[in-house]
Each structure stands twice: as structure tokens, then as C-alpha cells.
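Chain and residue survey
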Protein chains: 2
Amino acid sequence: MVDTQARAVERGPGRPREARVTGAALNAVVELITEQGVAAVTMDAVAARAGVSKPALYRRWPSKQALIVAAAETRIGPLSVPDRGDLRAELRDVLSSRSASYRLPGTDRLLAELIGAAARDSAVREEYAAYADRVTSETRIILERAQARGEVRPDVDIRSAATLVAAPLVYRLLAERDLPDARFVDNLVELIVRAVTHES
Amino acid sequence: MVDTQARAVERGPGRPREARVTGAALNAVVELITEQGVAAVTMDAVAARAGVSKPALYRRWPSKQALIVAAAETRIGPLSVPDRGDLRAELRDVLSSRSASYRLPGTDRLLAELIGAAARDSAVREEYAAYADRVTSETRIILERAQARGEVRPDVDIRSAATLVAAPLVYRLLAERDLPDARFVDNLVELIVRAVTHES
DNA sequence: CTGATATCGATACTTCCGGTAACGAATCAG
DNA sequence: CTGATTCGTTACCGGAAGTATCGATATCAG
């Protein structure tokens, strides 16, 4: 990840890492988790599926959990949030995009495993926190822009509101064990807009 | 849990289960997870800490994950929701109570492990789904009562709104890695009330 | 071209942990 | 008393995470 890119740039001595290995491994994780569930994701299975040796995996990621975090990031990365000058439209954009990611098969298990891994290992936890922050920052940006425009009431606490926007999709997926569909997104947008703006 | 109570009532032949074992095991799980983290919760460690044998654990819970689910339920069980005739007050009640539970040390790790375990094992998943449903039902009840009173707009979708209420606390705890404090609860209550009622 | 370095795949290994089996002792119902 | 089920103790099995070592290969510095 960061390590890989840095090494690819600085180009120290020795045989360079084969680019094929990294991609194949991340793919294998997603495939295994989608087809057979989290329990099937063993390092041996990932190595076999990717056509790669186990030590090659450990040269790239310090643990299985770190590998899973990296795989998750290929699925649910940060989004770009174009400024459309309209809170409702931007909320609909970001929530629709994210709910589409969440509806991909296997994403629920990937996310659940991510949370579990973060609880286990402190190194993974920090990486996960940074990732989560990156993911939620766009929501915060949308709200801040709208507040600057006067569309969002000045007394609204942006951080609380950002949590209110980001949380329901994940909760619907992981706690309520259901897919966040378009109707749910519509309902959320209306509720949130009413919560943070001056509309009646 | 259910199994234990049923057996304690029907009283079949044979040596009865020692009540001490169940409680000591659940305590040990919470203590271990709080003091040393999830990784320290091995069945051997739980047995040792509880002064109990490993087979005694497996006579009560079919797997380690089931044991953790049971331990979690002792921490974050369902709440009673007295009808106070006022949406804002009832929301404040339920969110304050729940955020107090979440602030107990170790609850974050317990919850994260719960989600991870649900992703791994289908039996645990169903048990967890039932538990989650129990937990969120009170929120739904509050909203339905308020809608019947006319306090909540008739066009509000109760299920979506219930998710909007239940999700932020957990999200703040697990994704944003921060404790849901009283100020956050206040902010949420105001945002949600504005979202679902006729107030401007 | 040469030597140093770091990768590759393959294999074997250690270690830890979840879960089970087998025991004798204890405690109930009938 | 008899049969059933629990208890704790101990030992064991199997799987999976992570490491070590190997010869072979690829790149860089000089």
C-alpha cells in the first residue's frame, strides 16, 4: 500500500517486487470472501488462489488483518464530491454512490471483518481510523460548504451532522442485515435535509 | 442463555449445572476484553479466569463466538421505554441510556467482535440479528407512538427514521473511534426531532 | 562483468488456539 | 441403588498464522 508505492518509487537495490503479486492477492481476498465467506480467507487459500507464495504476502502486509484492510479499501475508497451548490443533490450523490458500493456482494462481510480486525490489532486500528476519517471527510465537506452558503443552519454542529449522514448506510448493512436501497437513500436525504436546513 | 434457563426450570435427571459457572464465564469474557483486548479472549484464558473447565464452557455455548455474543448481551441489552408523551424526552432517554452503555470500557471491542463474529458464522449471525432487532425495536416504538400522537409527520418512514436514530451512536463508537458523550446526544436529539416533526 | 541485495516460489516448521475425547468424582431423579 | 448428567482435569487433534530456509532470479552499484 503506502509501503509498496514508496518502494516502487525509490527503487533500492535488489530484485524489485512483481506488481502482479499485489493485485492478485487483493483480488483473491475479495473473491474468497464473496464466494465462500470470511472463514475461507486463510493466508494459504489467498496464496493459492492468487498463484503466489505465502511469504510474498507477508512481504507486503504484516498480517492477515492488514491484508484484509487493504482489500476493503479497494472496494470502498474515498469519493470525490463535486460542488453542485445544492445540499440535497450532493447528499443524494454521495449516499447513492456509497450505497452502490455497499450493495456489491461481499462488501458486508468485508466491512464486518474490517471492524473486527480493528478491534484486535492496534496497528490495524490506526490504519482503519485513518481510512474511516478519509471516508467521512467528504460528508463533512458537503455540510460545511452548505453551511457557508447559508443553506445549513448556523447552529448545526457539523461533526454530529456528518455522523448522522454517514452512519445509517453502514448500520442498515451490518446491524439490520439488509441492503441500503434507493428508497432508503431517498428517505434519508429528506430526513437529513429537514434536520439541518431552515425548511419546515 | 435460553438453553440454560429452560434446563434450570425443567430439571431433568443428572447433576444440575452449577449456576456459578455461567456467570463467572460471562464476567471473565468482559474482564479479559476490557483489560487486555479481544486477542486475549481465548477459551483457555476465559476458563482459567473464571475458575472453570473448558468443557464446562462448551456445555453452555456451542462456540467461542456464541459465548461472546452472550457476554455482549449482558452489557447492551434491550431497554424499557416508558411512554412520556413527548418525543424529545423519550429520544433523550433512550439515547442517553444507550450512550452510557457504550461508554463503559470494553464495550467498543465487545461490539466490534460481535459484528465480526456475525460475519463469520451463520448461527451467530441469526442470533445477532435477533438481538439487534430487539435493541432497535424500542426506537421504532417511540417513533410509532409519536406518529400516532401526530407529533411525527405522517409521511415519515418509520423504519428509515429508526435507523437514523440507532445508527449514529454505534458509528461514533466503532467507526469514528470516539465516545458518544452527552453533547453529542443533545445534538442528535435536536437534529432528529427537527427531521421527523413539523417544527421549522 | 561482478558482487551485493532483495525478490521469487516451494517447502517445512513452530506455535497457538478452537474444539473434542476420556476419565473418575459428584449430584440429582426415580 | 441405578441411571443420567454434570463437574474438573488432562490429553489430544486439526487447522491456521506466521517464520525460516532453500535455490533461483532480477536489478543496481561499481
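As a reminder, the structure under discussion sits directly above these lines.
The following refers to the structure shown. Keep in mind it's a predicted model, so treat the numbers as computed, not measured.

A few words on the protein's contact with DNA strand C. Looking at DNA strand C, there are 26 residues lining it, with Gly14, Arg59 and Arg60 of chain A together with Lys54 and Lys64 of chain B nearest. Each atom of DNA strand C within 4 Å of the protein was classed as base or backbone; sugar and phosphate made up 57%. The side chain of Arg60 of chain A places a nitrogen or oxygen atom 2.4 Å from a phosphate oxygen of DNA strand C. Between DNA strand C and Met43 of chain B, the relevant distance is 2.9 Å, taken from a phosphate oxygen to a main-chain nitrogen or oxygen of the residue. For the surface near DNA strand C, the secondary-structure elements that each account for two or more residues are α2 (19-36) and α4 (54-60) of chain A together with α4 (54-60) of chain B.

Within the structure shown, the criterion is met by 2 cavities of 30 Å³ or more. Surrounding the largest cavity, 33 residues form its lining, Ile115, Val170, Tyr171 and Leu174 of chain A together with Tyr171 of chain B being those nearest its centre. When contributions to the lining of the largest cavity are tallied by element, the ones reaching two or more residues are α6 (87-103), α7 (107-120), α8 (122-149) and α9 (158-174) of chain A together with α7 (107-120), α8 (122-149) and α9 (158-174) of chain B. Per element, the largest residue contribution to the lining of the largest cavity is 7 residues, and it comes from α9 of chain A. Looking at the lining of the largest cavity, its residues break down into 30 nonpolar, 2 polar and 1 charged. Its boundaries defined by the atoms lining it, the second largest cavity holds a volume of some 80 Å³. In terms of lining residues, the second largest cavity is bounded by Tyr171 of chain A together with Val94, Leu95, Arg98, Tyr102, Val135, Thr136, Thr139, Val165, Ala166 and Val170 of chain B. Those elements that provide at least two residues to the lining of the second largest cavity are α6 (87-103), α8 and α9 of chain B. Element by element, the count of residues in the lining of the second largest cavity is highest for α6 of chain B, at 4 residues.

Basis of the calculations
- Counting from 1, residues in each chain are numbered in the order their sequence is written.
- For this description, chains carry letters from A and ligands carry numbers from 1, given in the order in which they are written.
- Side-chain atom pairs in this predicted model are given and counted only at pLDDT of 80 or more, local residue features only at pLDDT of at least 70, and totals for whole chains, interfaces and linings cover all residues.
- To obtain the side-chain values, all non-hydrogen atoms of the structure were included, while hydrogens and water were left out.
- Throughout, the term near means that a residue has one or more heavy atoms lying within 4 Å of the molecule or strand in question.
- Any pair of N or O atoms that falls within 3.5 Å is considered a polar contact. Within protein, one atom must be able to donate a hydrogen and the other to accept it, and sequence-neighbouring residues count only if both atoms are side-chain atoms.
- Labels follow the DSSP assignment, with helices taken as runs of H or I lasting at least four residues and strands as runs of E lasting at least two, numbered in each case from the N terminus.
- The pocket and cavity definitions rest on a 1 Å grid over protein atoms only: a 1.4 Å probe that fits but cannot leave marks a cavity, an open set with protein on both sides within 12 Å along at least five of seven lines marks a pocket, and residues lining either have an atom within 4 Å of a point.
- Grid points are joined across faces, edges and corners, and a volume is the space filled by probe spheres set on the points.
- When residues are grouped by polarity, Ala, Val, Leu, Ile, Met, Phe, Trp, Tyr, Cys and Pro land in nonpolar, Asp, Glu, Lys and Arg in charged, and all others, Gly among them, in polar.

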